[in-house]
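Residues per chain, in single letters:
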Amino acid sequence: MLEVRYRTARTRPLARATLPAALDPGLTIRPAEAGARFSLRVRKATGTVAGLPLDGPINSLAGDDARWIARLGPDEWLIGTSETEADALAAAVASDLAGTAHALVDVSHRNVGIDVSGAKSAILLNAGCPLDLGDTAFPSGSATRTLLGKAEIVLIRWPGATPRYRVECWRSFATYVHGFLVEAGLGTTAPSKAA
Amino acid sequence: MLLIDCPYCGKRPETEFRCGGQAHIARPTDPSALSDADWSEHLFVRANPRGVHAERWNHIHGCGRWFNALRDTVSDRFIETYPVGSEPTTGSHPSQGTEPTRSTQTETRA
Ligand SMILES: [Zn+2]
């Protein structure tokens, strides 16, 4: 029947993404699990929403891998959590900001995450990102909107001593961004000398 | 790469920014009272100085905020950046001894 023949299954972006065998062994590039994301705009940068602080410095991250908040500007935050927690988080934010003018927009299906880790992560990202990713300029716990090649991304450096990054991009840019990172990963190793 | 000092994010690469043209242009409070010539002057005529220029910039691929900047159009040096609604602390350019160009009136362009 028509409905059965043309039934579409939800395909996750980057579900078919593959990594080349030649990728630098010191690098991991992995599409992140699907998760919920919220864009929050509010003038008042004090207190907490859903247990996450609003008063962190601009371009910093708070929370942990499972539930985080990134302050992208004076009045803009990106919040991430698991898909199962999405409704509870939205309700908690709405009740914490009751009486305050704010906008909370669910952008879960717009954002795609790619996890980059390994000692050479910063070299890899700098193939397309113009930011200074040194430990002084972009320490762990940083998060900012920036560029990777031609695409706009949000770059997060998770807390911890080992370099672990999250690249968040828009869904339609995901294949480009993933392909860009993989190709850059081929270039972080010095070419072997011809025999 | 040229670094621009965003008032909110600090020094960031030039490619994250977009220029929004001349700053400090006050919209006439009563446009209907203006002559066509004065209105078109407000809408379309901008200064194009050789030297210090006050401009609007947007950190579009960063915090997304607009701010103002004093830029020398000869050297492309950013002298100062400051939030919208405030005035620059740098008064004049040493070589010119004049205020940054901020008027769109015809006589200042002549
Ligand atoms: Zn900024």
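Residues numbered from 1 in each chain as written. Chains lettered and ligands numbered in written order. Predicted model: local features only at pLDDT ≥ 70, side-chain atom pairs only at ≥ 80, totals over all residues. Heavy atoms only, no water.

**Q** So what's going on with the coordination of the zinc ion? Residues and values would help.
**A** Residues and elements named next belong to chain B. Each protein donor to the zinc ion is listed here as Cys-6 (SG), Cys-9 (SG), His-59 (ND1) and Cys-63 (SG); together their distances run 1.9 to 2.4 Å. Angles of 103 to 115° at the metal separate the four donor atoms of the zinc ion, which places the site in the tetrahedral class. One chain supplies every donor to the zinc ion, and in sequence these donors are spaced C-x2-C-x49-H-x3-C. Overall, the relative accessible area of 2% leaves Cys-6 in the buried class. Classification of Cys-9 as buried rests on a relative accessible area of 16%. (Donors = N, O, S within 2.8 Å, 3.2 Å for Na, K, Ca; no water. Tetrahedral: all angles 85-135°; square planar, octahedral: opposite > 155°, others 65-115°. Buried < 20%, exposed > 50% of the residue type's maximum accessible area, 1.4 Å probe, protein only.)

**Q** With reference to specific residues and values, describe empty space enclosed by the protein.
**A** Left-over empty space is what a probe sized like a water molecule reveals as it rolls over the atoms. All names here are of chain A. Enumeration according to the criterion identifies two cavities of 30 Å³ or more in this entry. Put simply, the largest cavity is a space of about 170 Å³. Among the elements that line the lining of the largest cavity, the one with the most residues is strand E9 (residues 111–117), at three residues. Its residues placed into classes, the lining of the largest cavity shows five nonpolar, five polar and six charged. Lining the second largest cavity we find Pro-53, Leu-54, Gly-56, Ser-60, Leu-61, Ala-62, Ile-69, Ala-70, Arg-71 and Trp-77. Elements with a contribution of two residues or more to the lining of the second largest cavity: strand E5 (61–63) and strand E6 (68–73). (1 Å grid on protein atoms, 1.4 Å probe; cavity = no way out; pocket = protein on both sides within 12 Å on 5 of 7 lines; lining within 4 Å. Points joined across faces, edges and corners; volume = space filled by probe spheres on them. Helix = DSSP H or I, 4+ residues; strand = E, 2+ residues; numbered from the N terminus. Nonpolar A, V, L, I, M, F, W, Y, C, P; charged D, E, K, R; others polar.)

**Q** Describe in detail the sheet that holds strand E8 (residues 102–106) of chain A, supporting the description with residues and values.
**A** All names here are of chain A. The sheet built from five strands is open, its strands ordered E5-E6-E7-E2-E8 with antiparallel pairing. Looking at strand neighbours, the two that pair on one side only are E5 and E8, the edges of this open sheet. Within this sheet the neighbouring strands show an average axis-to-axis angle of 20°, counted without direction. The pairing of strand E2 (residues 36–42) with E8 spans five bridges and is antiparallel. Each residue of the ladder has a partner; that of Phe-38, found in E8, is Asp-106. (Pairing = 2+ DSSP bridges. Axes fitted to C-alpha atoms, helices over the stretch in contact; angles between N-to-C directions.)

**Q** Before we move on, can you summarise the interface of chain A and chain B with the specific residues and values?
**A** Between chain A and chain B, the contact holds 14 residues from the first and 13 residues from the second. Between chain A and chain B lies a buried interface of about 1,000 Å² when both sides are counted; carbon and sulfur atoms form 53% of it. Along the contact surface separating chain A from chain B lie one salt bridge. Notably, a salt bridge pairs Arg-65 of chain B with Asp-75 of chain A, separated by 3.3 Å at the nearest N-O pair. Our enumeration of links across chain A and chain B arrives at seven residue pairs in polar contact (both at pLDDT 80 or more). Among the secondary structure elements, those contributing two or more residues to the side of chain A that touches chain B are E6 and strand E10 (143–148) of chain A. A total of four residues in the side of chain A that touches chain B trace back to one element, the largest contributor, which is E10 of chain A. For the side of chain A that touches chain B, a count of residues per class yields six nonpolar, four polar and four charged. (Contact = heavy atoms within 4.5 Å. Buried area = accessible area lost by both parts, 1.4 Å probe. Salt bridge = Lys/Arg side-chain N within 4 Å of Asp/Glu carboxyl O. Polar contact = N/O pair within 3.5 Å; in protein donor to acceptor, adjacent residues only side chain to side chain.)

**Q** How would you sum up helix H2 (residues 86–96) of chain A? Please name residues and give values.
**A** Residues and elements named next belong to chain A. Every buried residue of H2 is listed here: Ala-86, Leu-89 and Val-93. Looking straight down H2, one finds that the buried residues subtend no more than 65° of arc, so they occupy a single side. Tucked into the core, H2 has its buried residues touching E2, strand E3 (48–49), strand E7 (76–81) and E8. (Arc of directions from axis to C-beta.)

Functional significance is not addressed by these values, which are geometric in nature.
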